[in-house]
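# Summary of structural features
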Amino acid sequence: MREISERSRLESIVQMLKTNTSASIGEIAETFHVSQMTIRRDLQKLVEAGQVLRIPGGARIERWRGAERTFFERLEKMSHAKRSIGRAAAALVRDGESVVLDSGTTTLFVARELRARRNVTVFTFSLAVLEELTSAEDTRVELTGGVYRSSSHDLIGHAVAKSLTSIYADTVIFGAAALSLTRGVMVHDPDTQYEMLRAGKRRVLVVDSSKIETEATYRLCGIEECDLVLTDRDIAPESLAKLCKMTAVQVAE
């Protein structure tokens, strides 16, 4: 009976947030007559399932607009691969280091794994990354300025670029919409922050295998400009062989 009750409560929490957009942990706990600790566990499960976003003291569902795929939908795609990539990318960051995290679903999985690091500083323009790391006691998050964009739950504009030009972190971890072996790292977003590529000593591209040998609208950089390409084990062997001739590649398990 407990499992049925829990599943029902999780579904009801999602419906509550769809109605109200956001709610505090206390409000949710009072509504369902359970402890705040229970609600924290419930919200963590919903966050991991990509159904809600954590905000300080509560949770939120964004009312997405537009024809672009929603952040939640993109979070679900290739989630197993993104989870393994996230673990491998976070393992590259040592305690006490600084990292720039791009806005995107794969980098959100990186942020989740960074929670286990100590004394790490994260620079980001992703509100999803900020919310993921809000309760990580040993992580300092510095958010750039910018204009809020709901479709990707991030910040864009000149203020982001200005902030990035003043940063020089140990590692920049960024994603892409496509990785073409002839055209390079590609994105669909005209507001992509090119300045982030110069905001650190080491550039790590995190990209799941479904995006390799595909193309998007805009070129972000050349493959040779990436110090490391981190992907998952479903990459085609022939694609892996070609990519390894262009830069360092790590396949996450």
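Note that this is a predicted model, so its numbers are computed, not measured.

### A short note on the sheet that holds strand β15 (residues 249-252)
Reading across from one edge, β6-β5-β4-β9-β12-β14-β15 is the order of the seven strands in this open sheet, with parallel pairing throughout. Strands with a single pairing partner mark the edges of an open sheet, and in this sheet they are β6 (139-143) and β15. When strand polarity is set aside, the average angle formed by the axes of neighbouring strands in this sheet is 25 degrees. Two elements, strand β5 (residues 120-124) and β6, share five bridges in a ladder whose sense is parallel.

### Section: the packing of helix α2 (residues 25-32) against helix α3 (residues 36-48)
Their axes nearest at 9 Å, the elements α2 and α3 cross at an angle of 105 degrees. In terms of orientation, α2 and α3 fall into the roughly perpendicular class. The residues of α3 that touch α2, namely those facing Ile25, Gly26, Ile28 and Ala29, are Gln36, Ile39, Arg40 and Leu43.

### Details of helix α5 (residues 79-91)
With 13 residues, α5 extends 18 Å between its outermost C-alpha atoms, agreeing within 8% with the 18 Å of an ideal straight helix rising 1.5 Å per residue. Taken together, the buried positions of α5 are Ala81, Lys82, Ser84, Ile85, Gly86, Ala88, Ala89 and Ala90.

### Looking at the packing of α5 against helix α6 (residues 105-114)
As a packed pair, α5 and α6 sit with axes 8 Å apart at the nearest point and diverge in direction by 50 degrees. Relative to α6, α5 is oriented oblique. Two packed elements cross with a definite hand, and for α5 against α6 that hand is right-handed. In this structure, α5 contributes Ser79, Lys82, Arg83, Ile85, Gly86, Arg87, Ala89 and Ala90 to the contact, and α6 contributes Thr105, Thr106, Phe109, Val110, Glu113 and Leu114.

### Looking at unusual backbone geometry
Backbone geometry places His33, a non-glycine residue, at a positive phi of 55 degrees. Along the polypeptide, His33 turns up in the loop between α2 and α3. The exposed category is assigned to His33, whose relative accessible area is 72%. Phi is positive for Asn119, which is not a glycine, with a value near 55 degrees. Within the secondary structure layout, Asn119 lies in the loop between α6 and β5.

What counts and what doesn't
Residues numbered from 1 in each chain as written. Predicted model: local features only at pLDDT ≥ 70, side-chain atom pairs only at ≥ 80, totals over all residues. Heavy atoms only, no water. Pairing = 2+ DSSP bridges. Helix = DSSP H or I, 4+ residues; strand = E, 2+ residues; numbered from the N terminus. Axes fitted to C-alpha atoms, helices over the stretch in contact; angles between N-to-C directions. Parallel < 35°, antiparallel > 145°, perpendicular 65-115°, else oblique. Contact = heavy atoms within 4.5 Å. Expected span 1.5 Å × (residues − 1). Buried < 20%, exposed > 50% of the residue type's maximum accessible area, 1.4 Å probe, protein only. Left-handed = near helix turned anticlockwise from the far one by under 90°.

Read these as layout, nothing more, since geometry by itself doesn't imply function.
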